[in-house]
Amino acid sequence: MPKDIMVEVAGVSKTYRKKSWLGQEQVVQALKDIELSIFKGETLGLVGESGSGKSTLSKIILGLETASQGDIRFPSLSDQELKKQALQVIYQDPYSSLNPNLSALELVKEPLYALPKEEAESKALAILERVGISGDAVHKRPKSFSGGQRQRIGIARAVVSQPQFVVCDEPTSALDVSIQATILDLLRGLQDEFGLTYLFISHDLTLVRHFADRIAVMYKGSLVELGSASAIFQNPQHAYTRYLLKSNLSLDPAQARQELADLAKNKQSHDFVTQGQWLEVEEGHFVLSIPDK
Ligand SMILES: Nc1ncnc2c1ncn2[C@@H]1O[C@H](COP(=O)(O)OP(=O)(O)OP(=O)(O)O)[C@@H](O)[C@H]1O
Ligand SMILES: [Mg+2]
């Protein structure tokens with residue numbers, strides 16, 4: 001049975017123009033002709049080194065940036081639903097994305113501005129309790145909370161308006177390893193409860209392997225491989241995917257981030273091919289591959 005599609009990314013490219021310090025204009029091709037569908041109710045993991053275009057793709061899907069070419073479609077959402085905050089995002093660092101002057105309750109209530117006051121308040125309190133923030137704590141400001149608790153507030157704020165699709169852009173990368181698992185459990189619980197679709201961006205391949213249903217691998221703005229988490233790990237096809245798997249990234253997120261940044265810098269010795277045909281090597285497992293090779 002064909003799966004319902006939540007997001008269709010159709011031939012999306014993105015170029016940025018920026019001035020170098022010498023005043024010359026530079027063109028950065030952040031995304032090259034991305035074709036991708038995200039199915040309803042799944043978690044799609046998006047991996048790739050720093051600068052490969054992961055955040056840019058998610059911003060274009062969310063409508064926060066415009067594509068230079070191509071389209072984003074939500075075939076199962078009506079315009080009405082799209083307007084009703086069906087798309088949300090959870091950022092890596094809730095501290096910088098949460099207004100420090102508002103209490104947890106005010107922060108979570110904010111997206112519900114269109115509802116009557118009392119209804120907004122009771123919805124916000126219910127979701128805060130669901131994520132583990134209750135009692136007097138709801139009146140405290142972000143600075144009074146630990147990193148993990150702040151992320152819980154960020155999650156509550158993202159899901160309080162009952163979205164359909166949520167981008168999680170490295171939601172646990174700033175947290176201690178011991179806290180990561182509790183946040184992932186929470187995300188998974190909310191996904192089951194509300195039928196959410198996640199695009200889960202991470203540097204941590206081990207984490208993505210266990211958290212995502214499918215994995216998309218990006219390299220220098222191109223999608224180079226896409227498949228189920230088990231296919232990507234057990235039968236990686238693209239040289240870059242194999243390289244990422246082999247490079248044995250640290251479990252410590254800060255360390256893994258640094259290692260990936262180093263990988264990105266080390267371009268000469270690791271120049272992988274991004275031209276080719278999009279081939280289906282086994283059912284649902286695609287790779288960008290050089291013809292006749
Ligand atoms: N607003 C912008 N102006 C100019 N260039 C940009 C802008 N945003 C992103 N870029 C460039 O686009 C490319 C992709 O960036 P992006 O932030 O999407 O990468 P990423 O995969 O999310 O990296 P990271 O893992 O470090 O978050 C990079 O070369 C980046 O410098
Ligand atoms: Mg990013």
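Caption draft 1: Focus on the overall build of the protein chain. Counting its regular elements, the protein chain contains eleven helices and eleven strands. Residues counted as buried form 40% of the 293 residues belonging to the protein chain. For the protein chain, the proportion of contacts with a sequence separation of at least 24, taken over those separated by at least 6, is 70%.

Caption draft 2: Broad picture of unusual backbone geometry. Positive phi outside glycine occurs at Gln-162, with the angle close to 50 degrees. In this structure, Gln-162 sits in the loop between α6 (147-159) and β6 (165-169). Non-glycine residue Glu-170 carries a positive phi angle of around 55 degrees. Mapping Glu-170 onto the fold places it in the loop between β6 and α7 (177-194). Looking at Glu-170, the number of C-beta atoms within 10 Å reads 19, which means it is partly exposed.

Caption draft 3: Molecular detail of the site of ligand 1. Around ligand 1, a shell composed of Tyr-16, Lys-18, Val-28, Ala-30, Gly-48, Ser-50, Gly-51, Ser-52, Gly-53, Lys-54, Ser-55 and Thr-56 is seen. For the shell around ligand 1, the secondary structure elements donating two or more residues are β1 (5-19), β2 (25-39) and α1 (54-62). Taken together, the residues of the shell around ligand 1 break down into three nonpolar, seven polar and two charged.

Caption draft 4: Seen up close, the sheet that holds strand β5 (residues 87-90). The strand order β5-β6-β7-β3-β8-β9-β11-β10 describes an open sheet built from eight strands, whose pairing is mixed. Edge positions in the open sheet fall to β5 and β10 (277-282), since each of these has one partner strand only. If you compare each strand with its neighbour and ignore which way they point, the axes differ by 20 degrees on average. Contacting β5 and β6, α6 runs over the sheet at an angle of about 175 degrees to β5.

Caption draft 5: Here's a closer look at α6. Spanning 13 residues, α6 covers 19 Å between terminal C-alpha atoms, matching the ideal 18 Å at 1.5 Å per step. For α6, the tally of buried residues reaches ten of 13 residues, placing the bulk of the element in the interior. Residues of α6 that are buried: Arg-150, Gln-151, Arg-152, Ile-153, Gly-154, Ile-155, Ala-156, Arg-157, Ala-158 and Val-159. In the core, the buried residues of α6 are packed alongside β5, α3 (94-97), α4 (104-109), α5 (117-130), β6 and α7.

Caption draft 6: How the structure looks around the sheet that holds β2. Across the sheet, three strands lie side by side as β2-β1-β4; this open sheet has antiparallel pairing. If you trace the sheet from one side to the other, it starts and ends with β2 and β4 (69-73), each paired once. Shown here is a sheet whose adjacent strand axes are inclined to one another by a mean of 20 degrees, direction ignored. With eleven bridges joining them, β1 and β2 adopt antiparallel strand pairing. Pairing of Thr-15 across the sheet is with Gln-29, part of β2.

Scoring rules and cut-offs
- Residues numbered from 1 in each chain as written.
- Chains lettered and ligands numbered in written order.
- Predicted model: local features only at pLDDT ≥ 70, side-chain atom pairs only at ≥ 80, totals over all residues.
- Helix = DSSP H or I, 4+ residues; strand = E, 2+ residues; numbered from the N terminus.
- Buried ≥ 20, exposed ≤ 12 C-beta atoms within 10 Å, placed from the backbone.
- Contact = placed C-beta atoms within 7 Å.
- Near = placed C-beta within 6 Å.
- Nonpolar A, V, L, I, M, F, W, Y, C, P; charged D, E, K, R; others polar.
- Pairing = 2+ DSSP bridges.
- Axes fitted to C-alpha atoms, helices over the stretch in contact; angles between N-to-C directions.
- Expected span 1.5 Å × (residues − 1).

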